[in-house]
Amino acid sequence: QVQLVESGGGLVQPGGSLRLSCAASGISFSVYDMGWYRQAPENKRELVAVITSDGNTNLVGSVKGRFTISRDNAKKKVDLQMNSLKPEDTAVYYCNARNPFTSLTSWGQGTQVTVSP
């Protein structure tokens, strides 16, 4: 059974930093593309960052230069380092795992990030 558990969310002031982590189990982690998505109230869920099984990364334009995605295959986890946070980064952040061969996709339960003075 695939399980993705996010941690690290919270309340932070504008300009601050947070590090989100996603621990995976029940999958062959190293072959999966891993991503972070976010969903703000009344908005659609959007891709924030993805790291492929071979380590290539892609980040949405609004977070480039501020966020970094990384993975540790030995520990089966993917992190999202978020710096210079802005109020518009406020959302529930979800971890995503996608098998590039089968397109099988799994989601975590989400973690709330709130950026506010």
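The structure under discussion appears in the preceding block.
Residues numbered from 1 in each chain as written. Predicted model: local features only at pLDDT ≥ 70, side-chain atom pairs only at ≥ 80, totals over all residues. Heavy atoms only, no water.

Things to note about the side chain of R71
No. 1: Positionally, R71 belongs in strand 7 (residues 67-72).
No. 2: There is no salt bridge for the buried R71, and the closest opposite charge comes from D33, which lies 5.3 Å off by N-O distance.
No. 3: At a separation of 3.4 Å, a polar atom in the side chain of R71 contacts the main-chain carbonyl oxygen of I51.
No. 4: For R71, the side chain forms a polar contact with the side chain of N73, separated by 2.9 Å.
No. 5: Contact partners of R71, with chain neighbours within four places excluded, come to F29, S30, Y32, D33, M34, I51, T52, S53, K77 and V78. (Helix = DSSP H or I, 4+ residues; strand = E, 2+ residues; numbered from the N terminus. Buried < 20%, exposed > 50% of the residue type's maximum accessible area, 1.4 Å probe, protein only. Lys, Arg positive; Asp, Glu negative; His and termini not counted. Salt bridge = Lys/Arg side-chain N within 4 Å of Asp/Glu carboxyl O. Polar contact = N/O pair within 3.5 Å; in protein donor to acceptor, adjacent residues only side chain to side chain. Contact = heavy atoms within 4.5 Å.)

Considering the sheet that holds strand 7
No. 1: Read from one edge of the open sheet, four strands run 1-3-8-7, paired in antiparallel fashion. For this open sheet the edge positions go to strand 1 (3-7) and strand 7, each flanked by a neighbour on one side alone. When the angles between neighbouring strand axes are averaged without regard to direction, this sheet yields 15°.
No. 2: With six bridges joining them, strand 7 and strand 8 (residues 77-82) adopt antiparallel strand pairing. What sits directly across from S70, in strand 8, is D79. (Pairing = 2+ DSSP bridges. Axes fitted to C-alpha atoms, helices over the stretch in contact; angles between N-to-C directions.)

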